[in-house]
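# Descriptive structure summary
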Amino acid sequence: MGKKRLSLILGIAVLVLLILLPFYGSRYTITTFTRIIYLAFLALSVGTLVRQGGMISLTQTAFFGAAGYIIGLLGVERGWVFPLPELIAILGVLLMAFILGLVVMRTHGTVFLMLTLALGQICWAFARQNTSLLHGWAGIRGFRPFTVLGIDFTNPNNYYWGALALLLLGLFVLWLITNSPFGLALNGIRESPKRMASLGYPVYWLRVILFVITALYACVGGIISVYATGIITPTTIQMSRTILILLMVILGGSRYFWGPVVGAVIAVWLDVLISQMTPRYNTVIGLIFVAVVVLAPNGIIGLLDDIRNGVKLPQLKRWWNSISAKQSRDSSV
Amino acid sequence: MKKQALRMIPLFVLVLSLIVSPIAHGAENEIKIGFLSAFTGVFSSFGKMQQEGAVLALEEVDYEVAGKKIEVIYADDQLDNDLAVLRAAQLVEQDQVDVITGLVSGDEGLTVGDFMRGKDIPVVVMYSASEDMTMREWYPFIVRPTWTGAQPMDVFGYWLAKELGYKKIYMIGEDYSYPYNQIGGFKRGFFRGGGEEVTTVWHPVPQGDFSSLIATIPLDQGYDAVLYNGAGSDAIAFVKQWVELGMHDQIPLLGQSNTFERPDLESMPKEIVGSYSAHLVADNLATPEWIEFRDKFVERWGHLPSAASEFAYVSMKMILRAIDLLDGDVSDKMAFVEAMRQVDMSDAPRSPLYLDDYNAAVQNVYIRQVSLDENGELYNKGIYRVEEVSQFGPYNPEIYMSYPEDVGNYPPDTRAQMPADLLQVEKDYEFIPFEQ
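Conventions we followed
- Residues numbered from 1 in each chain as written.
- Chains lettered and ligands numbered in written order.
- Predicted model: local features only at pLDDT ≥ 70, side-chain atom pairs only at ≥ 80, totals over all residues.
- Axes fitted to C-alpha atoms, helices over the stretch in contact; angles between N-to-C directions.
- Helix = DSSP H or I, 4+ residues; strand = E, 2+ residues; numbered from the N terminus.
- Parallel < 35°, antiparallel > 145°, perpendicular 65-115°, else oblique.
- Left-handed = near helix turned anticlockwise from the far one by under 90°.
- Contact = placed C-beta atoms within 7 Å.
- Nonpolar A, V, L, I, M, F, W, Y, C, P; charged D, E, K, R; others polar.
- Domains from an automatic or database assignment.
- Pairing = 2+ DSSP bridges.
- Core = buried A, V, L, I, M, F, W, Y, C linked by C-beta atoms within 7 Å.
- Buried ≥ 20, exposed ≤ 12 C-beta atoms within 10 Å, placed from the backbone.
- Expected span 1.5 Å × (residues − 1).

All names here are of chain A. Contact geometry of helix α4 (residues 60-76) with helix α10 (residues 203-229) gives a least axis separation of 7 Å together with a crossing angle of 50 degrees. With respect to each other, α4 and α10 are oriented oblique. Where α4 crosses over α10, the handedness of that crossing is right-handed. Across the interface between the two elements, Q60, F63, F64, G65, A67, G68, I71 and G72 of α4 pack against T214, A215, A218, C219, G221, G222, I223, S225 and V226 of α10. Here the contact of α4 with α10 is composed, by residue class, of nine nonpolar, eight polar and no charged.

Next up, the structure:
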């Protein structure tokens, strides 16, 4: 019980630190945390599908970009004001996810992976090659934050607080979903779809609903992103971005509720810190990713979990055992 | 699930403590230059060429001007606009640079320019050629001692129509903003000089296989030449297939400014000898300034400079001279820009240059022909020069900017549809043979 209380206090402390960030963090820290928040939404979208449904989807980044493009076309180019473009973006993405979900959720495993990969790539190629509407490579720029309910979101601090509030709300809703009968049914489907179907659960439709819900998270991330960066371009939804998000989920721990968020925090800060130290930052970050996947397949949270539970790292232990065994052999000779 | 949530906390604390610890640093006696370009990824060759030129200028003064140390902070954006904004934010907010330079592509330039608006930090554009940066979207902190896409091409189009009497051109081009601006300038010059039609065909980037695009060129419809409006790997592929299909015997090939640029030219077949293009540099420039720069560059880096290297050299030199003029005090950023406007750049290697009212360079443009040197290697031989060409060509800036920016289907393809305003000017170019 004491352990739990301590954790609760720590949790509140972190929350307070995050809320007070603009008072002690630099301007760039705010920019970086805003980036962490919108990438965390996208990582939650991918991570929830992995954790709840056991499905690796490579289409989520397209939902993220679609939200940006819809706002760009309506808000930036046609001058529609908040909240109309944002609402249309959300509805548009939900509709898109529903239609795509009807198709992709008929598949499982590798086929699902390939199908979502193809859909993601189609969206990217369309954005890049369509010059008349989406402006090809150039994309759409000129997104400007606005004032809502008297709060001026052009101030980066206000924008950060707004995004943080949305993330907390999003996490709370996700937590409710996870612990709802719907979430539990999804866990069952992940373990054994056939068994769940024989118990009378509408497996297919539950999976479609999950797909639409996760698309909503990607969409909200996309909306936060365009106003934070001011632009939407095809590079926003390219393959490397999709892979980065997947790595975030694995880095944090794909089995854990907090995994995507932790992964986003670590991946973004790794990029910020290491890119200042060496021009070969991509190599260093890549090596770190490889190390994490090899040494801690359950991600950073899994690693901490193991340490807290007193479990030795399996890989390290095996490696150490083999070395010490070799040494004792050598010394005996 | 709750238990897992709680386990997260030590990690959060760790990360937060990492963030709160100050990363940014900086000495009083230092001027920081943020260098934002593509140093990794597909376009890293541009970043490398720029870096070589800029470092040459910095080493000339040993990284010190007016008693201040010059620190250059390299930021890699891989020519990804999304990343460019992030890196620009990093340079401004964390490193607190005094000036941002670099920039390769037109879209990257416009994106960073848009982001830097209101930040009151000078942006010195080294290569990005989208004209709106110093035209319709200009603000006083943008300085471009280099070029716009239309600047050399307006001269080129006018020359082809006026001097060679070309009437009809068939253009195949890469479908994005820089080629739009290049052919936009070309059409204005070409129609003004008496040309009748420029047929435009766009292809996605990268294309790779051009056989069908080349095969469908209507050779029987009286076209005077084909203009390939692309660069880099696409240009190499196009030119190779052009020669493989035997087109070089049937119709002249023209290039946009970068089509036959180094280092791509070295990978192209010798059959393209005779092809024309226009740029702000030429390999056989014989001015003392160019020769001095070229020799210094070759000595330092072991190969010939490209246009991107020269542009970076000139840009960096202008920044350093402005710092010197201000005696090292760059705290007033508007004065910094004003100093850049004032410094004398008439000794720039490629041509004497000065800045117009929109901080864009006014300079020589060279008409060049791909030729063989004594070693049998291809090079761009300058044949004519035009002096003091502005980004507006021979037009009045107000008239020029009253028309929209160049896009895929504007300006129109024929002289008949061209606005009459753009078909006549008070004073047009004077072509001076290269030897003079």
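What follows picks up the thread again.
Turning to the interface of chain A and chain B, a few remarks are in order. When the parts of a complex come together, some accessible area is lost, and that lost area is often taken as the interface size. In this assembly, 44 residues from chain A lie in contact with 39 residues from chain B. The element contributing the most residues to the side of chain A that touches chain B is helix α1 (residues 2-19) of chain A, with six residues. A per-class count over the side of chain A that touches chain B returns 18 nonpolar, 20 polar and six charged.

This next bit is on the packing of helix α12 (residues 259-277) of chain A against helix α13 (residues 281-295) of chain A. All names here are of chain A. Their axes nearest at 9 Å, the elements α12 and α13 cross at an angle of 135 degrees. Relative to α13, the element α12 lies oblique. As for how α12 packs across α13, the hand of that crossing is right-handed. Contacts from L270, D271, I274 and S275 of α12 reach α13 at Y281, V284, I285 and I288. Within the contact of α12 with α13, the residues separate by chemical class into six nonpolar, one polar and one charged.

Now for the domain arrangement of chain B. All names here are of chain B. Splitting chain B by domain gives domain 1 (30-147 + 287-359) and domain 2 (150-279 + 364-433). Between the C-alpha centres of domain 1 and domain 2 the distance comes to 27 Å. Contacts between domain 1 and domain 2 engage 16 residues on the former and 15 residues on the latter. Taken together, the residues of the side of domain 1 that touches domain 2 break down into five nonpolar, six polar and five charged.

All names here are of chain B. Ordered by their spatial adjacency, six strands build an open sheet running β2-β3-β1-β4-β5-β6, and the pairing between neighbours is mixed. Only two strands of the sheet have a single neighbouring strand rather than two, namely β2 (64-65) and β6 (142-143). Summarising the sheet, strand β1 (residues 30-37) and strand β3 (residues 68-76) pair through eight bridges and their orientation is parallel. Residue pairing in the sheet places E30 in a bridge with K69 of β3.

With that settled, consider the environment of K119 of chain B. In this fold, K119 of chain B is placed in the loop between α5 (106-116) and β5 (123-125). As for K119 of chain B and V92 of chain B, which are separated by 27 residues in sequence, their C-alpha atoms are 8.3 Å apart.

Among the nonpolar cores identified, the biggest contains 211 residues, and F41 and F63 of chain A together with A88 of chain B are the most heavily contacted of them. Considering every element that reaches this core, the biggest residue donor is α10 of chain A, with 16 residues. Both domains that meet at this core, namely domain 1 (30-147 + 287-359) and domain 2 (150-279 + 364-433) of chain B, each give it at least three residues.

This part is about unusual backbone geometry. For the peptide bond that leads from F82 of chain A to P83 of chain A, omega is 5 degrees, which places it in the cis range. The residue P83 of chain A is located in the loop between α4 and α5 (84-104) in this model. Cis geometry marks the peptide bond from Y410 of chain B to P411 of chain B, where omega comes out at -5 degrees. Locating P411 of chain B in the fold gives a position in the loop between α13 (397-401) and β15 (432-433). Notably, L79 of chain B is not glycine yet its phi reads approximately 60 degrees, a positive angle. With respect to the element layout, L79 of chain B can be found in the loop between β3 and α4 (81-94).

It is worth spelling out helix α7 (residues 156-179) of chain A at this point. Residues and elements named next belong to chain A. Between the first and last C-alpha of α7 there are 34 Å, a value that for 24 residues agrees with the 34 Å anticipated at 1.5 Å per step. Within the sequence span of α7, burial applies to Y159, Y160, A163, L167, G170 and L174. Buried residues belonging to α7 abut α2 (21-24), α3 (27-53) and α10.

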